[in-house]
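# Descriptive analysis of the structure
This is what each chain is made of:
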Amino acid sequence: MSPVDLSELLKRYFGFDSFRPLQEEIIRAALEGRDAFVLMPTGGGKSLCYQLPALAREGLTVVVSPLIALMKDQVDALQSAGVPATFLNSTLDAAEARRRLAGLYNGEYRLLYVAPERLMLDGMLDRLEQWQTEAIAIDEAHCISEWGHDFRPEYRQIAELRFRFPDLPFMAFTATATDRVRADIVTQLKLRDPAKFVASFDRANLVYRVLPRAQPQRQVLEWVNKQPEDSGIIYCSSRARTERLADMLNENGVRAAAYHAGLDKKVRARNQEAFIRDDVRVMCATIAFGMGIDKPDVRFVIHHDLPKNLEGYYQETGRAGRDGLPAECVLLFNASDVAKQTGFIMEKTDEHEQMIARNMLQQMVHYSETRDCRRRSLLEYFSETYAEENCGACDNCLEPKETFDGTVAAQKMLSCAFRIREKSGFDFGLNHLVEVLTGGDTEAVRKWGHDQLSTYGIGDEFGRNEWKAIARELMRLNFLHQTPGRMSVLELSADGIDWLRAKTPLELTQPTVPKTKEKKRKPRVGDLACDEALFDCLRELRRTLASERGVPPYIVFSDVALRHMARDYPITPAAFGLIHGVGDKKLEEFGDMFTAEIEKYLEANPRKEF
Ligand code: ADP
Ligand code: MG
Ligand code: ZN
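Quick summary incoming for the structure in this document. (Residues numbered from 1 in each chain as written. Chains lettered and ligands numbered in written order. Predicted model: local features only at pLDDT ≥ 70, side-chain atom pairs only at ≥ 80, totals over all residues. Heavy atoms only, no water.)

### Thoughts on the site of ligand 1
Taken together, 15 residues are adjacent to ligand 1, and Ser18, Gln23, Gly43, Lys46 and Ser47 come closest. Measuring from an oxygen atom of ligand 1, one finds a backbone N or O atom of Gly44 at 3.4 Å. One nitrogen or oxygen atom from the side chain of Arg322 is found 3.1 Å from an oxygen atom belonging to ligand 1. Bound to the protein, ligand 1 loses 83% of the 570 Å² it would expose on its own. Counted by class, the shell around ligand 1 contains 4 nonpolar, 8 polar and 3 charged residues. (Near = heavy atom within 4 Å. Polar contact = N/O pair within 3.5 Å; in protein donor to acceptor, adjacent residues only side chain to side chain. Areas by Shrake-Rupley, 256 points an atom, 1.4 Å probe, with all protein chains shown as cover. Nonpolar A, V, L, I, M, F, W, Y, C, P; charged D, E, K, R; others polar.)

Here it is, written out as structure tokens:
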């Protein structure tokens, strides 16, 4: 195949003008009949790497995929692009399965999705031979490895396929980066001198932020309301919390649902479906949620609690922004999580396991506390170097925090907490502590005689809000501990007492809000400015069309495609055909309806320039 032909197929079926990094190389290796191992982050565009070769060759390409729920959406998406594809799994009734089998014998399909357990059913391997199988693609290949986070014993059966079809090209795809899993995939699948492709793990369109978790419900609600039309996932460490958060959001008018392994299977499936179809906007979930969804337009992922390790965090945040448009990843960090998780780790009986878990947790904490670029520290974890000084898309690069020698400030605050307790025999809240430090004349100060303390009024170098910021940082450092509940008080912790004794120099974040320097903001990677009002109209049209067809909206068109329409205002079939994401089939099926909508919009609204 000449390069022109591949690009032509890319536009005809998928409506795209160019390949993403490595896609073309991978496709060429596949067409040469080589085995391939592909490591590419979520959203990198792995599916295309086996779908396009399937269209370029004659016979059938078999795709092994672990998730039955996902298969239907993938096949629907392919069919809507005009690709003859089908799947076989246990959800089909006998008549439908028979129809599909007949089609396979007739050579009507180019792609067949199957679950691994299906492969070993009676006669399946013989059938694959009769159906002229020419290539095998194994998606989510890490499922074969016990070292992976998603081991599926059924995947071991794929090795049988290799014995049966020693000469067919096998392609393995994964987004799991650990060396051990990688090596395991290659050996378990018995790949023959595979061409190896490792894409960068940098997800340039994702913005990474860490916020101190203070009032999580309010913080979550604020964040969710900041992006009022967008889908997002909120990961929580406990099942109960997913339900509480979902209730809280619903009470505040945000369509939210919960997802965790403790829910009834039917409820889980229903909630997931509602999320994929945009009937529910926010999913509050444990990490049980995620691998089963290919939703491209998840615009934010919030972690309410500290993940156990960076690999997990990276994979979970990776579910945001698959479509390449900007998306936000927010981690709510509180030192109490570290203590809690350390506690769980201590309960492990195996010392080696304990050590590994502690190590991972430490890397996670480092990521959360670093003042360096978050992207750089994430990529370093995957042994990738990030050369840019400023990534322009993490909180530390966007709003650099200045530090100062906080030794004296910390000493004043901690000894003030110490004196208060010494005098009154119990602890007080943050506000009172700050009043004493700054020499406030409140009723409580007088009532408890705290104006008699040696630490009364010694903190006039900062205002009240600044002292509060310092207190929060001292909490994060575990020197102060805030008790839970409404009558919350600040306790000086054992660590705080130790530090007061040793007084090792301490860097703190400058508590004054740094004046935002009027520097030019880098444009966000993936940003696609468009006529937002038209975008909303097109979204509405997409929603209607999708529900008529019983498919998720993104299968009709992606947000990227709609944004291109709302920039270029195509009103002729020819112009519409040029839009990103519009292939031949979609032009034919949807062209008239979308161009008519755009024309109608332009009658009432002026055209904008982008
Ligand atoms: P992965 O399986 O690696 O997570 P997908 O195959 O699901 O990624 O693709 C992620 C998104 O990227 C999809 O919405 C897909 O349509 C889009 N995509 C893939 N290849 C291209 C391309 N060459 N140009 C534009 N968009 C692409
Ligand atoms: Mg995929
Ligand atoms: Zn950065």
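Next comes the rest of the account.
### Examining the nonpolar core
Ranked by internal contacts, the top residues of the largest apolar core, which has 143 residues, are Leu128, Leu161, Phe557, Met565 and Phe594. Beyond its immediate chain neighbours, meaning those up to four positions away, Leu128 contacts Val62, Leu112, Leu119, Thr133, Leu161 and Phe165. (Core = buried A, V, L, I, M, F, W, Y, C linked by side-chain atoms within 4.5 Å. Buried < 20%, exposed > 50% of the residue type's maximum accessible area, 1.4 Å probe, protein only. Contact = heavy atoms within 4.5 Å.)

### So, the packing of helix α10 (residues 216–226) against helix α11 (residues 239–251)
The N-to-C vectors of α10 and α11 enclose an angle of 55°; their axes lie 11 Å apart at closest approach. With respect to α11, the axis of α10 lies oblique. For the element pair α10 and α11, the recorded crossing hand is right-handed. Here Gln217, Val220, Leu221 and Val224 of α10 come into contact with α11, specifically with Leu245, Met248 and Leu249. In terms of residue class, the contact of α10 with α11 is made up of 6 nonpolar, 1 polar and no charged. (Axes fitted to C-alpha atoms, helices over the stretch in contact; angles between N-to-C directions. Helix = DSSP H or I, 4+ residues; strand = E, 2+ residues; numbered from the N terminus. Parallel < 35°, antiparallel > 145°, perpendicular 65-115°, else oblique. Left-handed = near helix turned anticlockwise from the far one by under 90°.)

### Quick notes on the coordination of the zinc ion (ligand 3)
The zinc ion (ligand 3) binds to the protein through Cys373 (SG), Cys391 (SG), Cys394 (SG) and Cys397 (SG), with metal-donor distances spanning 2.3 to 2.4 Å. Every donor counted, the 4 donor atoms about the zinc ion (ligand 3) form angles of 100 to 117° at the centre, which fits tetrahedral coordination. Read in sequence order, the donor residues for the zinc ion (ligand 3) give the motif C-x17-C-x2-C-x2-C. Separated by 18 residues along the polypeptide, Cys373 in the loop between α15 (351–369) and α16 (374–381) and Cys391 in the loop between α16 and α17 (395–398) bring together distant segments of the chain. The class for Cys391 is buried, based on a relative accessible area of 11%. (Donors = N, O, S within 2.8 Å, 3.2 Å for Na, K, Ca; no water. Tetrahedral: all angles 85-135°; square planar, octahedral: opposite > 155°, others 65-115°.)

### Description of the pairing of strand β4 (residues 111–114)
Side chains of β4 alternate between two faces, with Leu111 and Tyr113 and Leu112 and Val114 buried alike. Pairing geometry for strand β2 (residues 60–64) and β4, over 4 bridges, is parallel. The residue of β4 that forms the bridge with Val63 is Tyr113. The sheet contact formed by strand β3 (residues 85–88) and β4 spans 4 bridges and is parallel. By the bridge assignment, Thr86 is partnered in β4 with Leu112. Running through helix α5 (residues 94–105), the crossover from β3 to the neighbouring parallel element β4 is right-handed. (Pairing = 2+ DSSP bridges. Right-handed = clockwise from strand over helix to strand, strands pointing away.)

### Re the environment of Arg118
Topologically, Arg118 is positioned in helix α6 (residues 116–119). By relative accessible area, which is 23% here, Arg118 ends up partly exposed. Beyond its immediate chain neighbours, meaning those up to four positions away, Arg118 contacts Leu88, Asn89, Ser90 and Met124.

### Describing the packing of aromatic side chains
For any pair of aromatic rings, the description consists of the separation of the ring centres together with the inter-plane angle of the planes. Enumeration over the complete set of coordinates arrives at 22 aromatic pairs. Consider the rings of Phe479 and Trp499, whose centres lie 5.8 Å apart with planes at 25°: the pair is stacked. Taken as a pair, Phe479 in the loop between α21 (464–476) and β15 (480–482) and Trp499 in helix α22 (residues 494–502) lie far apart in primary sequence, 20 residues in all. Judged on exposure class, the residue Phe479 and its partner Trp499 are both buried. Here the aromatic cluster, defined as three or more aromatic residues joined through ring pairs, consists of Phe201, Tyr314, Tyr381 and Phe382. One cation-aromatic arrangement involves Arg100 over Phe87; the distance from NZ or CZ to the ring centre is 4.5 Å. Across the ring face of Phe535, the terminal group of Arg563 is positioned such that the distance to the ring centre comes to 4.5 Å. (Phe/Tyr/Trp six-rings, centres within 6.5 Å; stacked < 30°, edge-to-face > 60°. Lys NZ or Arg CZ within 6 Å of the ring centre and 35° of its normal.)

### Looking at α5
For α5, which comprises 12 residues, the first-to-last C-alpha distance of 16 Å matches the rise-based estimate of 16 Å (1.5 Å per residue) to within 8%. Of the positions making up α5, those classed as buried are Ala97, Arg100, Leu101, Gly103 and Leu104. One side of α5 holds all its buried residues, which, seen down the axis, span an arc of 160°. Exposed and facing more than 90 degrees away from the buried side of α5 are Ala94, Arg98 and Arg99. Residues of α5 that are buried make contact with β2, β3, β4 and α7 (124–130). (Expected span 1.5 Å × (residues − 1). Arc of directions from axis to C-beta.)

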